[in-house]
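# Survey of secondary and tertiary structure
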Amino acid sequence: PAIATLSRRAARPTWSSSNAAVATVNSSGVVSGVSSGTATITYLVSANGCSATTSSTVTINALPNAGTISGTTTLCAGSTSALTSNGATGGTWSSSNAAVATVNASGVVSGVSSGTATITYSVSANGCSATTSSTVTINALPNAGTISGTTTLNTGATSTLTSNGAVGGSWSSSNPTVASVNTAGVVTGVANGTASISYTVSSNGCVRSTSTTVTINTPVITTSIVVRARSVNSAGASFRVEIMNGSAATGGTILQNSNTFTNISTNFANFTFTATGSINPNQIRVRFYDMAAYDFEVDYIVVNGTTYQTEAATTYSLGFWNSTNGCNNAGFLSNSLIHCDGYFHYLATPTTTLIVVRARSVNAAGASFRIEIMNSSASTGGTVVQSSPDFTNLSTNFASYTFNASGSVNPNHIRVRYFNDMAAYDFETDYIVVNGTTYQTEAASTYSLGFWNSANGCNNAGFFSNSLIQCSGYFHFMANSNALVGRQTIELAIESSVEMYPNPVSDVLNVTLSAKGEQRATIRIIGPNGTVLSIFSEYLNVGSNKFIVPLNGLGMGSYILSAEWDNKRSTAKFIVIR
């Protein structure tokens, strides 16, 4: 209510209101508005029995209605809440602490920082004003932090993302069909594209997120195929690599093929084809285009680092010639040579495993052994699940002994057991060949039992890197063989019957071997530390045979060339200079 003060010079004055329900006045003439309306305020003075009055009419205006504020009054920093009043419209909004909360002309409160602030709504009418207010509480946002980790990956790959914010948050992906994320923040690439990965934390009803964009790429998958091949009789043979739609050796559709490799040399060389996609080795054919002047030989193929021998029992060939059938010979011929239009088809799903053991009796003929397939790779135990017949009365010359084991045999399940120890002879195994892959007995991963010395007698067992055992025992070949040739072999270089020149050599080594009959010679290049650097074969005719060995990739230093033919092994030392 409004208050006005009236005054008059008189003796003993009195003030009165004609309508105290509208306005009251005190003895000092202070008028108080009570409600809207009008009232007459009278001033009375008296003297010497006489009185006089004067009056004035006052008008009381009603206060405007500011009403009551409603809306959410507890919110988070960074969020908003719309407050309203049920009073008169057209008022103004204000905040007592803009550092905590601000309010706009529409009553929308914005949280700025943690704390409290008073939000006031004010209205005015006919010179009168009224206010109403409410207290708002602003809670601080939790710390979601910053996401770190690898954000570009391939489909199928994973990456662990982390946040340096509050723990206990949750992870989510904007597009799980591109990238998914688990509760630990491990992102998995699903498909090519991008997705936003978010980390969200909550506290006191407040939620905060941080995010990062991950990019998922689809890798280009290829298969490297290397063919070790040559033209036979004269240079000029041509071939190509074909990828079939299945492993059927006698049919199928060509899905892709290499360019044709033409006019190849009579020396073995490597020919590389990078096929698109992930190729199963049993889809691969090597196709020969026949001309009368030459034939075609493939030593082996290498698929993504794994070697598949052409002579393996699981390789099908078409185009081998003989006088009986001409070129109409096709099948699993275990042969690396074809004479007519045809192909080699490499089947990687054998029903048997071909195991060849290169062994001999030492000091005198008579040693006996057998091949055992164990139920595990444990070199010191296990159960024999199948075994070869006994190979008896071995010669003192190295020879190859073959066993076709049933099923697909893991090389580290194979033992060569020497079982008829006699004082007159000992037993030596040079290496074994499993489906065309060689595992050296001297490798550090080959376990043996039966080695003799004066300290322990026959009670020696372990990884001895030795090819000889004197007592009944065995060699157990582990599949992680490093194909090391023992020092004994390297020391045989002085007794070499290998002819080669020039020596020292820089690029190409010319080698001559004299053979007693037609056969294949196995050639190894051995490094200074005994590591077999390369293995290949050469076809020998009766008499003197010359071939060249490219030395690409060898650094300067001393090397050993080891050749096996005519049931013997001979080595020679050569020096590479640049």
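Up top is the structure these notes are about.
Scope of this entry: the structure provided in the associated data block. Predicted model only: the values in this text are computed from it and were never measured. (Residues numbered from 1 in each chain as written. Predicted model: local features only at pLDDT ≥ 70, side-chain atom pairs only at ≥ 80, totals over all residues. Heavy atoms only, no water.)

### Looking at the state of the cysteines
Counted only if it meets this: Whenever a pair of cysteine sulfur atoms sits within 2.5 Å, that pair is classed as a disulfide. Each helix is a run of DSSP H or I of at least 4 residues and each strand a run of E of at least 2, with the numbering of both proceeding from the N terminus. Note on classification: 1.4 Å probe, protein chains only; a residue is buried when its accessible area is under 20% of the maximum for its type, exposed when over 50%, partly exposed between these limits.
Evaluation of the coordinates by the stated rule reveals three disulfides. The side chain of Cys-327 participates in a disulfide bridge whose partner is Cys-340; the two sulfur atoms lie 1.6 Å from each other. Here Cys-327 and Cys-340 share a disulfide; its torsion about the S-S bond, -60°, makes the bridge left-handed. Here Cys-340 lies in the loop between strand 35 (337-338) and strand 36 (342-346) and Cys-327 lies in strand 34 (residues 326-331), a separation of 13 residues in the sequence. Exposure remark for Cys-327: the relative accessible area of 29% places this residue in the partly exposed category. By relative accessible area, which is 8% here, Cys-340 ends up buried. Taken N- to C-terminal, the disulfide-bonded cysteines of the protein chain are connected 1-2, 3-4, 5-6.

### Quick word on the pattern of salt bridges
The following threshold applies: By convention in these notes, a salt bridge is any Lys or Arg side-chain nitrogen within 4 Å of a carboxyl oxygen on Asp or Glu.
Under the criterion given, the structure shown has 13 salt bridges. In this structure, the salt-bridge partner of Asp-299 is Arg-520, at a minimum N-O distance of 3.8 Å. Pair noted here: Asp-299 is in strand 31 (residues 295-303) and Arg-520 is in strand 50 (residues 519-526), with a separation of 221 residues, a long-range link. Here Asp-299 falls in the buried class, since its relative accessible area comes to 3%. Residue Glu-564 pairs with Arg-358 through a salt bridge whose shortest N-O separation is 3.5 Å. Placement of Glu-564 in strand 53 (residues 557-565) and of Arg-358 in strand 37 (residues 352-362) is noted, with a sequence separation of 206 residues between them. Of the two residues, Glu-564 and Arg-358, both sit in the buried class. Salt bridges sharing partners connect three or more residues here, namely Arg-230, Glu-297, Asp-299, Glu-311, Arg-520 and Glu-538.

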